Amino acid sequence: MSTFKELGLNKDLLAAINDLGFESPSDVQAKAIPILLEKDTDLVALAQTGTGKTAAFGFPMLQKINVESRTTQGLILSPTRELCLQITNELKQYGNYCKGLNVVAIYGGASISDQAKQVKRGAQIIVATPGRMKDMISRNMVDISKIEYSVLDEADEMLNMGFYEDITDILSHTPEDKSTWLFSATMPKEVARIARDFMHDPIEITVGNKNESTNQVSHEYYLVNARDRYQALKRLADANPDIFSVIFCRTKRDTQKVAENLIEDGYSAGALHGDLSQNQRDLVMKSFRNKQIQMLVATDVAARGIDVDDITHVINYQLPDEIETYTHRSGRTGRAGKTGVSMVIVSKSEVRKIKSIERIIKKEFEKKEIPNGMEICEVQLMSLANKVHHTKVNHEIDKYLESINELFSDTDKDELIKKFFSVEFSRFFNYYQKAKDLNVSDSSRGHEGERSSSSGNETRYFINVGRKDGYDWMKLKDFLKEVLELGRDDVFKVDVKDSFSFFNTDKENEAKVLAFFTDFKHEGRFVNVEVSEDKGGRNRGGKRRDGGKRRRRDDKPRGERRSRRSDSGFSGRRSDRKSSEGSGNRKDRRRAEQSSVSDRPRRSRR
Ligand code: ADP
Ligand code: MG
């Protein structure tokens, strides 16, 4: 593997790279940077999202331009304002030690005269969206007649969005002998046409199979009835208390609706689609970046190019029409060396699409079950226990300690813990104890379906290792199979959470598993395995603590709206009650007030 230094980058860039903590060049960087540094050539580079394309063109451009001159020498076109700002920001960081460097972003929805002023001060590099760029050219606010390097970033998407004319118009104002570098995730006909019409013998580089999705992403699908889609979404969120996700819908309308429903149900969610004003979109993106929003519901176009690195889950609320779009979606997670999960909620009529996607992305989906109520309660409880365990004590509390101690003078530790956790647990428990199984069995997928219907003979276990310990479901399954000396299909329904996991074996293996994990140490720590309350795959409520005295009225399933409302109190991401009461009808509101759920402040992720 090469180093950035070996690629020929100068000391100013190396210093910035060091600050950024980039250890070694990504594939596309290793291929593109030496070529672009050594030659004045046109280039077509195909690489997935998240592979570091910005630096692949950014480093060479920064090294080649003359920062002592104030002439505009580099022009980068990108499809959206969001992306335009991201690239500008990245370039500024990369060029932190390039004294005199001025990178200016030009995009719609902000003051054109302010942008013109910035350009006038001397911008060696302009990063622009095509529409605003064209506008500024026609008003003589920019001069790109002397540029030496032009970049078409996310070319496929720019063409998708209908920017062909604008791009050709803009390029007609640039010198014939400049170099053009085109970066794209895919190579549809239109991109090939740009390459043919506007570039001279471009060198082509491709990183990986151009349709291959990123390795760090695992793909899962959940088969439910179409009418249960929204409920399924919420369970997936509840089963992943630390979720930080993008949820894709097909239309702006669905996007808006799902986001509104989530907000009403107490999740920290937001919508991102083209019907929002630029200002609204900026606000949503800002909250998402700050992690105030955990679930960003978006259309494909609006989400394109979102460069947020630690997205844990991409949820396909509906599958896209084009398989290529699926690749873009799942590429939002598993970025910058992290792992991610792409989940698909499908109904029976769509399940065959999964097979076509598998063929194209050359990866298998794992069919998983929507977690049942008790499983979610367990996850939430353990997640809370972990959080409590890791919480730093706030000593402001000390002065109230005496009165609190007095209150609990007769309560022993066990009892206190139980009470403390019941505050949270009961909320989930009360809601989920009666929640139905949302899974639909999938006869067309053979043995997996059979597995999930044979739950009577299975044991479900809790194990105290999870994602934080470097496991994903495959690694954990392999680990368990190996240490337990079990066969290929003997460990199943492996479900890895952040700091713990679940798995199943047939009942006959239970004694063996438990015996093995008595006092078992792995890499210096005790690995603890216990039989989980829940058997996995099926809902077995039946542990009502109130002897059935709870208001029956509230328990009755009364269609989508009703059940949404009853969900509202129990999410790990409860935001303020006000937002959820704002829109419900009177009856709903009263019910919400009556419910045993107490208000609590929004819990932020970090
Ligand atoms: P792309 O344009 O291919 O979708 P980006 O250029 O936006 O990808 O890069 C994705 C993320 O990876 C960014 O946060 C970037 O800072 C980071 N990154 C880029 N190159 C490297 C590298 N060599 N090592 C580590 N992180 C990198
Ligand atoms: Mg990019």
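Remember, it's a predicted structure, so these values are computed and weren't measured experimentally.

Participant: Which parts of the structure should I look at to understand the overall build of the protein?
Facilitator: When helices and strands are counted, the protein shows 25 helices and 20 strands. Burial analysis of the protein (606 residues in total) assigns 53% to the buried set. Across the protein, every contact between residues at least 6 apart in sequence was considered, and the portion connecting residues at least 24 apart equals 78%.

Participant: Would you take a moment to explain the site of ligand 1 for this structure?
Facilitator: Around ligand 1, the structure places 17 residues, and the nearest of them are Ser 24, Gln 29, Gly 50, Thr 54 and Asp 309. Contact between ligand 1 and Gly 52: an oxygen atom at 3.2 Å from a main-chain N or O atom of the residue. Within the side chain of Glu 90, a nitrogen or oxygen atom sits 3.4 Å from an oxygen atom of ligand 1. Taken by itself ligand 1 offers 560 Å² of open surface, and the protein chains cover 85% of this. Class assignment of the residues belonging to the shell around ligand 1 gives a composition of three nonpolar, nine polar and five charged.

Participant: What am I meant to see in the side chain of Thr 88 here?
Facilitator: Structurally, the position occupied by Thr 88 is in helix H4 (residues 81-94). Among the residues examined, Thr 88 registers a relative accessible area of 5% and is labelled buried. Not counting residues within four places of it along the chain, the set of residues in contact with Thr 88 comprises Val 103, Val 104, Ala 105 and Val 127.

Participant: Help me understand the sheet that holds strand S15 (residues 458-463) in this model?
Facilitator: Pairing within the open sheet is antiparallel, and its four strands lie in the order S16-S17-S15-S20. In this open sheet, the two strands that pair with only one neighbour each are strand S16 (492-496) and strand S20 (529-531). Neighbour-to-neighbour, the strand axes of this sheet turn through a mean angle of 25°, independent of strand direction. This element, helix H20 (residues 473-484), spans S15, S16 and strand S17 (501-506) of the sheet and lies at about 125° to S16.

Participant: I'm lost on the packing of helix H8 (residues 164-171) against helix H9 (residues 189-198) in this one. Help?
Facilitator: Two packed helices can be described by the angle between their axes and the distance between those axes. Running from N to C, H8 and H9 cross one another at 20°; their axes reach a closest spacing of 12 Å. Judged on the interaxial angle alone, H9 and H8 are roughly parallel. Handedness of the crossing formed by H8 with H9: right-handed. Counted together, Tyr 164, Ile 167, Thr 168 and Leu 171 of H8 and Arg 193, Ile 194, Asp 197 and Phe 198 of H9 form the full contact between these two elements. Looking at side-chain class alone, the contact of H8 with H9 contains five nonpolar, one polar and two charged residues.

Participant: Honestly, the packing of helix H6 (residues 130-138) against H8 in this entry has me stumped. Any pointers?
Facilitator: As a packed pair, H6 and H8 sit with axes 9 Å apart at the nearest point and diverge in direction by 40°. Taken together, the axes of H6 and H8 lie oblique to each other. Of the two possible hands of crossing, H6 and H8 adopt the one that is left-handed. Each of Pro 130, Gly 131, Met 133, Lys 134 and Ile 137 in H6 lies in contact with H8, whose residues at this interface are Asp 166, Asp 169 and Ile 170. Residues that form the contact of H6 with H8 fall into these classes: four nonpolar, one polar and three charged.

Participant: How should the pairing of strand S1 (residues 43-46) be read in this particular structure?
Facilitator: Walk down a regular strand and you will see the side chains alternate between the two sheet faces. Going residue by residue along S1, you find Leu 43 and Ala 45 tucked away on one face and Val 44 and Leu 46 tucked away on the opposite face as well. Where S1 and strand S6 (residues 179-184) come together, four bridges link them in parallel fashion. Bridge pairing in S6 links Leu 43 to Trp 181.

Participant: I'm lost on the nonpolar core in this one. Help?
Facilitator: The tendency in soluble globular proteins is for nonpolar side chains to be buried side by side. Counting residues in hydrophobic clusters, the biggest one holds 40 residues, and the most contacted among them are Phe 59, Ile 76, Leu 91, Ile 125, Trp 181 and Phe 183. In this structure, Trp 181 is in contact with Leu 36, Thr 41, Leu 43, Phe 57, Pro 60, Met 61, Tyr 149, Ser 150, Val 151 and Leu 152, ignoring residues within four places of it in sequence. With 31 residues, the next largest nonpolar core counts Leu 75, Leu 171, Leu 182 and Val 191 among its residues.

Participant: Hey, could you run me through helix H5 (residues 112-120) in this one?
Facilitator: Helical geometry note: an α-helix holds 3.6 residues per turn, so side chains three or four residues apart project in the same direction. Within the span of H5, buried status applies to Ile 112, Gln 115, Ala 116 and Val 119. In an axial view of H5, the angular spread of the buried residues amounts to 100°, which keeps them on one side of the axis. Where H5 is buried, its residues contact strand S3 (103-106), strand S4 (125-128) and H6. Of the residues one or two after H5, Gly 122 is the one with positive phi, at around 110°.

Cut-offs used in this document
Residues numbered from 1 in each chain as written. Chains lettered and ligands numbered in written order. Predicted model: local features only at pLDDT ≥ 70, side-chain atom pairs only at ≥ 80, totals over all residues. Heavy atoms only, no water. Helix = DSSP H or I, 4+ residues; strand = E, 2+ residues; numbered from the N terminus. Buried < 20%, exposed > 50% of the residue type's maximum accessible area, 1.4 Å probe, protein only. Contact = heavy atoms within 4.5 Å. Near = heavy atom within 4 Å. Polar contact = N/O pair within 3.5 Å; in protein donor to acceptor, adjacent residues only side chain to side chain. Areas by Shrake-Rupley, 256 points an atom, 1.4 Å probe, with all protein chains shown as cover. Nonpolar A, V, L, I, M, F, W, Y, C, P; charged D, E, K, R; others polar. Pairing = 2+ DSSP bridges. Axes fitted to C-alpha atoms, helices over the stretch in contact; angles between N-to-C directions. Parallel < 35°, antiparallel > 145°, perpendicular 65-115°, else oblique. Left-handed = near helix turned anticlockwise from the far one by under 90°. Core = buried A, V, L, I, M, F, W, Y, C linked by side-chain atoms within 4.5 Å. Arc of directions from axis to C-beta.

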